[in-house]
Amino acid sequence: FRRIVLMERNRHPEFGDLFNEHYIEKQIDFFTKLMKYWISEGIIKNGDAKAMAISYFSPIIALIYYVDNNNDKYDEAINDIKIHIAEFNRIYGVK
């Protein structure tokens, strides 16, 4: 579904709106709520939850799109995501 919406968004502007809503805005909202929860539980440091959400989410979605066009890079992308999450935890995690 995501690939179809991406391909058709240039011909149908409403697809671009649909893509932004489902794959960007809703994801940022979800991860912002998750960061607020993690902050409240003392899992991560106090900070701007939305900025943290974007920092967490953006590299992951970029790697997903990268793999869409480079299927042979799947294992590398999974490893990069694991490294990204570990680095996020190092920066924002409570020790």
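For clarity, every value in this text was computed on a predicted model and none was experimentally measured.

Rules used in this analysis
Residues numbered from 1 in each chain as written. Predicted model: local features only at pLDDT ≥ 70, side-chain atom pairs only at ≥ 80, totals over all residues. Heavy atoms only, no water. Helix = DSSP H or I, 4+ residues; strand = E, 2+ residues; numbered from the N terminus. Expected span 1.5 Å × (residues − 1). Bend = angle between axes of the 7 residues up to and from the residue. Buried < 20%, exposed > 50% of the residue type's maximum accessible area, 1.4 Å probe, protein only. Polar contact = N/O pair within 3.5 Å; in protein donor to acceptor, adjacent residues only side chain to side chain. pLDDT = per-residue confidence, 0-100. Core = buried A, V, L, I, M, F, W, Y, C linked by side-chain atoms within 4.5 Å. Contact = heavy atoms within 4.5 Å. Axes fitted to C-alpha atoms, helices over the stretch in contact; angles between N-to-C directions. Parallel < 35°, antiparallel > 145°, perpendicular 65-115°, else oblique. Left-handed = near helix turned anticlockwise from the far one by under 90°. Nonpolar A, V, L, I, M, F, W, Y, C, P; charged D, E, K, R; others polar. Salt bridge = Lys/Arg side-chain N within 4 Å of Asp/Glu carboxyl O.

Asks: Outline helix 3 (residues 49–69), supporting the account with residue identities and numerical values.
Replies: Between the first and last C-alpha of helix 3 there are 31 Å, a value that for 21 residues agrees with the 30 Å anticipated at 1.5 Å per step. Along its length, helix 3 reaches its greatest deviation from straightness, about 25°, at Phe 57, and the proline Pro 59 lies no more than four positions downstream. Those residues of helix 3 that fall on the buried side of the exposure criterion are Ala 49, Met 52, Ala 53, Tyr 56, Phe 57, Ile 60, Ile 61, Leu 63, Val 67 and Asp 68. One side-chain oxygen at the N-terminal end of helix 3 lies 3.0 Å from the backbone nitrogen of Lys 50; it belongs to Asp 48.

Asks: Requested: an account of the confidence of the model for the protein chain, with residues and values cited.
Replies: For any part of a model where pLDDT is low, the fine detail of the predicted coordinates should not be relied upon. Across the protein chain, the average pLDDT comes to 89, with 93% of residues at 70 or higher. Of all secondary-structure elements in the protein chain, the lowest mean pLDDT belongs to helix 1 (residues 2–8), at 67, while helix 4 (residues 74–92) reaches the highest, 95.

Asks: I'd love a proper account of the nonpolar core, names of residues and values included.
Replies: Within the largest apolar cluster, 18 residues are counted, with the highest numbers of intra-cluster contacts made by Met 35, Trp 38, Ile 44, Met 52, Tyr 56 and Phe 88. Put simply, the parts of the chain that give this core at least two residues each are helix 2 (13–40), helix 3 and helix 4. Tallying contributions element by element places helix 3 first for this core, with nine residues. Among all residues touching Ile 44, those that are not within four sequence positions of it are Met 35, Trp 38, Ile 39, Met 52, Phe 88, Tyr 92, Gly 93 and Val 94.

Asks: Break down the side chain of Thr 32 for me, citing the residues and quoting the values.
Replies: Its location among the elements puts Thr 32 in helix 2. Within the structure, Thr 32 has its side chain in polar contact with the backbone oxygen of Ile 28 (distance 2.7 Å). Not counting chain neighbours up to four residues away, the residues in contact with Thr 32 comprise Ala 49, Lys 50 and Ala 53.

Asks: Can you break down the packing of helix 2 against helix 3 residue by residue, with the values?
Replies: Describing two packed helices takes the angle between their axes plus the distance from one axis to the other. Following both chains from N to C, one finds helix 2 and helix 3 inclined at 130°, their axes separated by 8 Å at the closest point. Put simply, helix 2 runs oblique to helix 3. Where helix 2 crosses over helix 3, the two elements pack in a sense that is right-handed. Across the interface between the two elements, Phe 19, Tyr 23, Gln 27, Ile 28, Phe 31, Thr 32, Met 35, Lys 36, Trp 38 and Ile 39 from helix 2 touch Ala 49, Lys 50, Met 52, Ala 53, Ile 54, Tyr 56, Phe 57 and Tyr 65 from helix 3. Of the residues assigned to the contact of helix 2 with helix 3, the class counts are 14 nonpolar, two polar and two charged.

Asks: How would you summarise the pattern of salt bridges if you had to cite specific residues and measurements?
Replies: One pass over the full model with this rule turns up three salt bridges. Measuring nitrogen to oxygen at the nearest pair gives 3.8 Å for the salt bridge that ties Lys 26 to Glu 21. Look at Glu 21 and you get partly exposed, because its relative accessible area is 34%. Linking Lys 73 and Glu 76 is a salt bridge whose minimum nitrogen-to-oxygen distance equals 3.7 Å.

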